[in-house]
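Summary of the model geometry
Listed below, chain by chain, are the residues.
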Amino acid sequence: MTIIVTGGAGFIGSNFIFHMMKKYPSYRIVCLDSLTYAGNLSTLESVMDQSNFRFVKADICDREAVDRLFEEERPDVIVNFAAESHVDRSIENPGVFLQTNIIGTATLMDACRKYGIERFHQVSTDEVYGDLPLDRPDLFFTEKTPLHTSSPYSSSKAAADLLTLAYYRTYGLPVTVSRCSNNYGPYQFPEKLIPLMIANALDDKPLPVYGKGENVRDWLYVEDHCKAIDLIIHKGKVGEVYNVGGHNEMRNIDIVKLICEKLGKPESLITYIADRKGHDLRYAIDPAKIHSELGWLPETKFKDGISATIEWYLDNREWWETIRSGEYKNYYEKMYGGK
Ligand code: NAD
Ligand code: TYD
């Protein structure tokens, strides 16, 4: 079995590669990543020299490069993690989100049609459902909740989801889609809430909280997300959407205070700043379908996952410090320069 993992030099994609290589040593894993600011090749250092792993630097929007890779590898499965993923950046510059998240997904699926594959899996997000009110804790996103997006990021992901399902209906492409809640864990780029707060707290820098910090996210440890995708590509039904989330809703401010407490840093570092434009209030996934149909349940409790994550950022200071200094961008040149 050959699997192309796009966006595998990013946060969830790299964790997925580690999970798959450990669990299925006979699989061939090919990572396709263009190494945007969010891609860090050093993350993949531990697998880079393994004979069943290959890294290819290319853009998922580059039809020629994608076709060439399909020609060479004849993959069985594609798991598409490659995306522009940060809401704040999408507010500043929507164009690249439309390009990568929509055109890139279509380009990959065109190659799937051309060469034939067993499964195209689109990694999506609960943000395609928009948000829920803070005063209705009884409401959750199910797979039947209408798409109702708020940001250029979530709109581009929703467009990609619809395209993926259209390729199933129109061309019979064997696709699946997963819509997951907020992930946290090792190797998350320090622009997202949890790693940003850990890194800033460790550097005694201000902890910028949007608005009053009352927005709610449904946090899932990254490994549990990887296990869900593993199950879906092996056992999920084609043409289906699966919500992934662990019923772990937390207010932003409570997470930031918890990080301060765990690191022994004063809450006076917390700085309330102007709210994000169009800021979604609450995300909350109903994971009943993936539980009943595929037997998936989250395994990591938030209290354990957050401790492991903080521990990881403490033990791997160099990883995030080279990101903050910009040094990580030279890694590809160093490893592949002249090759
Ligand atoms: P990330 O930003 O950490 O990584 C994205 C990766 O994609 C990077 O390695 C980047 O170099 C690569 N990439 C970007 N544009 C590319 C292009 N045009 N061609 C090839 N590679 C490109 O993102 P993440 O947090 O790991 O998210 C991965 C996927 O999961 C995304 O599709 C995202 O929408 C989805 N998702 C994320 C979360 C979350 O909490 N982080 C939750 C649900 C769903
Ligand atoms: P983020 O990690 O960007 O994920 P998403 O917006 O995709 O859910 O943000 C999580 C929550 O944390 C969101 O409500 C915005 C908030 N937030 C802050 O308050 N300050 C910050 O510096 C960041 C990055 C996020």
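Along each chain, residue indices are assigned from 1 in the same order as the chain's sequence is written. In the order they appear in the text, chains get letters beginning with A and ligands get numbers beginning with 1. Restriction of local features to residues with pLDDT of at least 70 applies here, the model being predicted, together with a cutoff of 80 or more for giving and counting side-chain atom pairs; totals for whole chains, interfaces and linings are based on all residues. Only hydrogens and water are set aside; all other atoms, that is, all heavy atoms of the structure, feed into the side-chain values.

The subject of this paragraph is the overall build of the chain. A run of H or I in DSSP becomes a helix once it reaches four residues, and a run of E becomes a strand once it reaches two; helices and strands are each numbered from the N terminus. Looking only at helices and strands, the chain has 13 helices and 13 strands in total. Here the radius of gyration uses the C-alpha set of atoms, whereas the globule reference equals 2.2 Å times the residue count to the power 0.38. Here the C-alpha atoms of the chain give a radius of gyration of 19 Å, agreeing with the 20 Å that 2.2 N^0.38 yields for 339 residues. For each residue, the accessible area found with a 1.4 Å probe, counting protein chains only, is set against the maximum for its type, and the residue is called buried under 20%, exposed over 50%, and partly exposed in between. Scored against the burial criterion, the 339 residues of the chain give a buried share of 57%. Taking all contacts inside the chain whose residues are at least 6 apart in sequence as the whole, residues at least 24 apart take part in 82%. Here the accessible surface of atoms and residues is derived via Shrake-Rupley with a 1.4 Å probe, and residues count as covered only by protein chains that are part of the display. If you sum the accessible surface of the chain, you get close to 14600 Å²; carbon and sulfur atoms cover 50% of it. In the chain, 39 side chains carry a positive charge and 48 a negative one; their mean positions are 2 Å apart. Two residues qualify as a contact provided that any one of their heavy atoms is within 4.5 Å of a heavy atom in the partner residue. Neither His nor the chain termini are counted; the positive set is Lys and Arg, and the negative set is Asp and Glu. By convention, the point assigned to a charge is CZ for Arg, NZ for Lys, CD for Glu and CG for Asp.

Let's shift gears to the site of ligand 2. Near is defined per residue: the residue qualifies when any heavy atom it owns lies within 4 Å of the molecule or strand. Residues in contact with ligand 2 amount to 18 residues; listed here are only the nearest, Glu 127, Pro 208, Arg 217, Arg 276 and His 279. Tyr 210 has a polar backbone atom sitting 2.9 Å from an oxygen atom of ligand 2. By the criterion applied in these results, polar contacts are pairs of N or O atoms within 3.5 Å in which, for protein atoms, one can donate a hydrogen and the other can accept it, and in which residues neighboring in sequence qualify only through two side-chain atoms. Take His 279: an N or O atom from its side chain is 2.7 Å from an oxygen atom of ligand 2. Protein chains shield 96% of the accessible area of ligand 2, which is 510 Å² for the free molecule. Elements with a minimum of two residues in the shell around ligand 2: helix H7 (193–202) and strand E8 (207–210). Under this grouping Gly is polar, as are all residues other than the nonpolar Ala, Val, Leu, Ile, Met, Phe, Trp, Tyr, Cys and Pro and the charged Asp, Glu, Lys and Arg. Partitioned by chemical class, the residues of the shell around ligand 2 number eight nonpolar, five polar and five charged.

Around ligand 1, the surrounding shell holds 29 residues, and the nearest of these are Ile 12, Asp 33, Ser 85, Tyr 153 and Lys 157. In this structure, an oxygen atom belonging to ligand 1 sits 2.6 Å away from a side-chain N or O atom of Asp 33. One of the backbone N or O atoms of Ser 34 is found 3.1 Å from a nitrogen atom in ligand 1. When ligand 1 is considered free in solution it has 840 Å² of accessible area, and contact with the protein chains removes 96% of it.

What follows deals with the sheet that holds strand E2 (residues 28–33). If you walk across this open sheet you meet the seven strands as E3-E2-E1-E4-E5-E6-E11, and the pairing is parallel. For this open sheet the edge positions go to strand E3 (53–57) and strand E11 (240–244), each flanked by a neighbour on one side alone. Each neighbouring strand pair of the sheet contributes to a mean axis angle of 20 degrees, computed without reference to strand direction. Any two strands with at least two DSSP-identified bridges between them are counted as paired. Bridging between strand E5 (residues 119–125) and strand E6 (residues 175–180) involves six bridges; their strand directions are parallel. Within the sheet, the bridge partner assigned to Gln 122 lies in E6 and is Val 177. Each of strand E1 (2–6), E2, E3 and strand E4 (77–80) touches helix H3 (residues 63–73); the most contacted strand, E2, lies at about 170 degrees to it. Axes here mean lines fitted to C-alpha atoms, for a helix over just the part in contact, with angles spanning 0 to 180 degrees between N-to-C directions.

Note on terminology: a nonpolar core comprises buried Ala, Val, Leu, Ile, Met, Phe, Trp, Tyr and Cys residues joined through side-chain atoms within 4.5 Å. Ranked by internal contacts, the top residues of the largest apolar core, which has 32 residues, are Ile 194, Ile 198, Leu 207 and Ile 259. Here this core takes seven residues from H7, the largest share from any one element. When residues no more than four places from it in sequence are discounted, the contact partners of Ile 259 are Ile 194, Met 197, Ile 198 and Ile 310. By size, the runner-up hydrophobic cluster in this structure holds 29 residues, among which are Ile 17, Met 20, Leu 35 and Ile 229.

Attention shifts here to the packing of H7 against helix H12 (residues 317–325). Contact geometry for H7 and H12: axes closest at 12 Å, N-to-C directions at 95 degrees. Classified by the interaxial angle, the pair formed by H7 and H12 is roughly perpendicular. Here Leu 196, Ala 199, Asn 200 and Leu 202 of H7 lie close against H12, whose contacting residues are Arg 317, Trp 320 and Arg 324. Every angle not falling under 35 degrees, over 145, or within 65 to 115 is termed oblique; those three ranges are roughly parallel, roughly antiparallel and roughly perpendicular.

Turning our eyes to something else, we now look at the layout of surface pockets. Here the idea is plain: a probe the size of a water molecule rolls over the atoms and shows the empty space left. Estimates place the volume of the second largest pocket at around 360 Å³. Note on definitions: the grid is 1 Å and covers protein atoms alone; a cavity is a set of points where a 1.4 Å probe fits but cannot get out; a pocket is an open set with protein on both sides within 12 Å along at least five of seven lines; lining residues have an atom within 4 Å of a point. As for the second largest pocket, its lining consists of 15 residues, of which Ser 42, Glu 45, Glu 318, Trp 319 and Thr 322 are closest to the centre. Elements that contribute at least two residues to the lining of the second largest pocket include exactly helix H2 (45–48), H12 and helix H13 (331–336). Among the elements that line the lining of the second largest pocket, the one with the most residues is H12, at three residues. Grid points are joined across faces, edges and corners, and a volume is the space filled by probe spheres set on the points.

This paragraph deals with the side chain of Arg 282. Relative to the assigned elements, Arg 282 resides in the loop between strand E13 (270–273) and helix H10 (288–294). In this structure the side chain of Arg 282 is engaged in a polar contact, spanning 2.9 Å, whose partner is the backbone oxygen of Leu 139. Residues in contact with Arg 282, not counting those within four places in the same chain, are Asp 131, Leu 132, Pro 133, Leu 134, Arg 136, Pro 137, Leu 139, Phe 140, Phe 141, Val 216, Arg 217 and Glu 249.

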